[in-house]
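# Fold and geometry: a report
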Amino acid sequence: MSWIDDPAFAADRPFGPQTLPYGVVETADGPSVAVRVGDHALPLRPIADEFTGELADLVSAESLDALLAAGRPAWSALRARLRELVTATAAPDGAVLLPLADAQVRLPFTVGDYVDFYSSRHHAENVGRIFRPDGEPLLPNWTHLPVGYHGRAGTVVVSGTDIPRPHGQRKGDAGPVFGPSVRLDIEAEVGFVCGGPPARRVSTSAAAEHIFGVALVNDWSARDIQAWEYVPLGPHLGKSFATSIGAWITPLEAFAAARVPVVEPDHPRLDYLVEDAHWGLDIRLEVVWNGTMVSRPDFTQMSFSCAQQLAHMTVNGATVRPGDLFASGTVSGPDKRQRGSFLELSWSGKEPLTLDDGTERTFLEDGDTVVITATAPGPDGTVVGLSEVVGTIVAAVD
Ligand code: CA
């Protein structure tokens, strides 16, 4: 029996000892690197004496930045030592457990460059049909490369941060009009946090050296702003006002039992996108809107893996650095209730959803709260959790 007295810290629960995601919480001594154990946070600085060498410095830090830079051998060594400590029968000297309900989390790392992909065929086809009803739903490049764009790293916010409704231009009957977005939406995505030595032209087989961990992302999207601005250079202000990321980064190692092939391509891919191991992940998401579960997006339906996305992102010679973040693109499956955006779920506002309280929704209203969670298969029949990403819409700021 572990010294951690929390029924949620059990091998048959998503945040048992098989998961151990990292975050940063406020403590009496300032921010501290921490690990999630069940429904508690365990700050690591107070127990830094339990670690040796480089690991003692990494767990004494105020953010995950140094850990991200330290690379795969340090990540594995720290995880192994943590497993020993949290499954021991006696608590380490000085250990403090903070209930997550009371813990104040921080954005756990300094976000470097941020890239958002578009790798769900179902999502891309749905959006294509909605935005370009007279054209082919998929553009010709889509099946050959993971389409993406550079997002705004400075507006990535930690789960729990309120999201003010963005202002912007949208198309009106007699020219553009300006004001708060009237078609505010979510995109349920899986994000990948990069680390290890800076590198260019990362092959798919080197992905594990440069991906530290996985976190859920909500790519808030103002569809009215986006639809007017996106031609010909892609998303801009309709996305850049805020992107939420889960507070706890689940290490890539935790997904060893969740590896699956991505959806088979229509045609052979260029060599740099060919994998020698499967890097798709069997992650199942849930989207809850004001307490009503409205969708279960299925990450096994993606057409490009994180390894292919990272290879593509760096194949031109661009460098990946610790703290870079990339996200999968909206996760949508073939069924209506697997769609990862309200644009798709409400078919551009034409098919409202009825929530459990009887209210109808197409896009987000002020005060609405969206919670995205996910799980994946863990080792030995266990389940690995991805921490929730939560956000509430508040009125536009004047
Ligand atoms: Ca997106």
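Residues numbered from 1 in each chain as written. Predicted model: local features only at pLDDT ≥ 70, side-chain atom pairs only at ≥ 80, totals over all residues. Heavy atoms only, no water.

With that out of the way, let us pick up the overall build of the protein. Scanning the protein from terminus to terminus reveals 9 helices and 28 strands. Radius of gyration (C-alpha) of the protein: 21 Å, near the 21 Å computed for a compact globule of 398 residues. Looking at the 398 residues of the protein, the share that counts as buried comes to 54%. Considering only intrachain contacts with a sequence separation of at least 6, the fraction spanning at least 24 residues in the protein is 72%. As displayed, the protein has an accessible area near 16400 Å², and 52% of this comes from carbon and sulfur atoms. (Helix = DSSP H or I, 4+ residues; strand = E, 2+ residues; numbered from the N terminus. Rg over C-alpha atoms; globule rule 2.2 N^0.38 Å. Buried < 20%, exposed > 50% of the residue type's maximum accessible area, 1.4 Å probe, protein only. Contact = heavy atoms within 4.5 Å. Areas by Shrake-Rupley, 256 points an atom, 1.4 Å probe, with all protein chains shown as cover.)

Now for the coordination of the calcium ion. Each protein donor to the calcium ion is listed here as D116 (OD), E187 (OE), E189 (OE) and D219 (OD); together their distances run 2.2 to 2.3 Å. All donors to the calcium ion come from one chain, and their sequence spacing reads D-x70-E-x1-E-x29-D. The same class applies to E187 as to E189, namely buried. (Donors = N, O, S within 2.8 Å, 3.2 Å for Na, K, Ca; no water.)

Bringing the pairing of strand β10 (residues 167-172) into the picture now. Bridge count for β10 against strand β11 (residues 175-180) is 6 bridges, and the pairing is antiparallel. Looking across to β11, one finds that H167 is bridged to P180. Counting the residues in the hairpin turn of β10 and β11 gives 2 residues. (Pairing = 2+ DSSP bridges.)

A separate point is the sheet that holds strand β5 (residues 105-106). If you walk across this open sheet you meet the 5 strands as β4-β3-β2-β1-β5, and the pairing is antiparallel. Looking at which strands have only one partner, the edges of the open sheet turn out to be β4 (98-99) and β5. Sheet topology places strand β2 (residues 30-37) next to strand β3 (residues 40-43); 4 bridges connect them, and they run antiparallel. Bridged to A34 within β3 is P43.

If you walk across this open sheet you meet the 5 strands as β9-β28-β27-β21-β22, and the pairing is mixed. Edge strands, defined here as strands with exactly one partner in the open sheet, are β9 (163-164) and β22 (292-295). Bridge analysis of strand β21 (residues 284-289) against strand β27 (residues 369-377) gives 6 bridges, and the strand direction is antiparallel. The partner of V287 across the bridge, within β27, is I372.

Before going further, it helps to examine the pattern of salt bridges. According to the stated counting rule, one finds 20 salt bridges in the structure shown. Measuring nitrogen to oxygen at the nearest pair gives 2.6 Å for the salt bridge that ties K336 to E351. On the criterion of sequence distance, the pair formed by K336 in the loop between β24 (325-327) and α9 (342-345) and E351 in the loop between α9 and β25 (353-354) is long-range, its members being 15 residues apart. Residue classification places K336 among the partly exposed positions, given a relative accessible area of 36%. Judged by relative accessible area, which is 35%, E351 ranks as partly exposed. Between D368 and R361 there is a salt bridge, with the nearest N and O atoms lying 2.8 Å from each other. In terms of burial, D368 and R361 fall into one category: buried. (Salt bridge = Lys/Arg side-chain N within 4 Å of Asp/Glu carboxyl O.)

Once that is clear, we can look at the domain arrangement of the protein. For the protein, the assigned domains are domain 1 (22-99) and domain 2 (114-394). Placing a centre on the C-alpha atoms of domain 1 and another on those of domain 2 gives a separation of 29 Å. Every contact between the two is made by 16 residues of domain 1 and, on the other side, 19 residues of domain 2. Summing both partners gives a buried area of about 1400 Å² for domain 1 against domain 2, and 63% of it is carried by carbon and sulfur. It is Y22, L68 and R72 in domain 1 that bury the most area against domain 2; as a group they hold 44% of the surface buried on that side. Taken together, the connections running from domain 1 to domain 2 amount to 2 salt bridges. Taking the shortest distance from any N to any O, the salt bridge between R36 and E388 comes out at 3.5 Å. Linking domain 1 with domain 2 are 7 residue pairs in polar contact (both at pLDDT 80 or more). Among the secondary structure elements, those contributing two or more residues to the side of domain 1 that touches domain 2 are β1 (22-27), β2, α2 (65-70) and α3 (72-87). The leading source of residues in the side of domain 1 that touches domain 2 is α3, at 4 residues. (Domains from an automatic or database assignment. Buried area = accessible area lost by both parts, 1.4 Å probe. Polar contact = N/O pair within 3.5 Å; in protein donor to acceptor, adjacent residues only side chain to side chain.)

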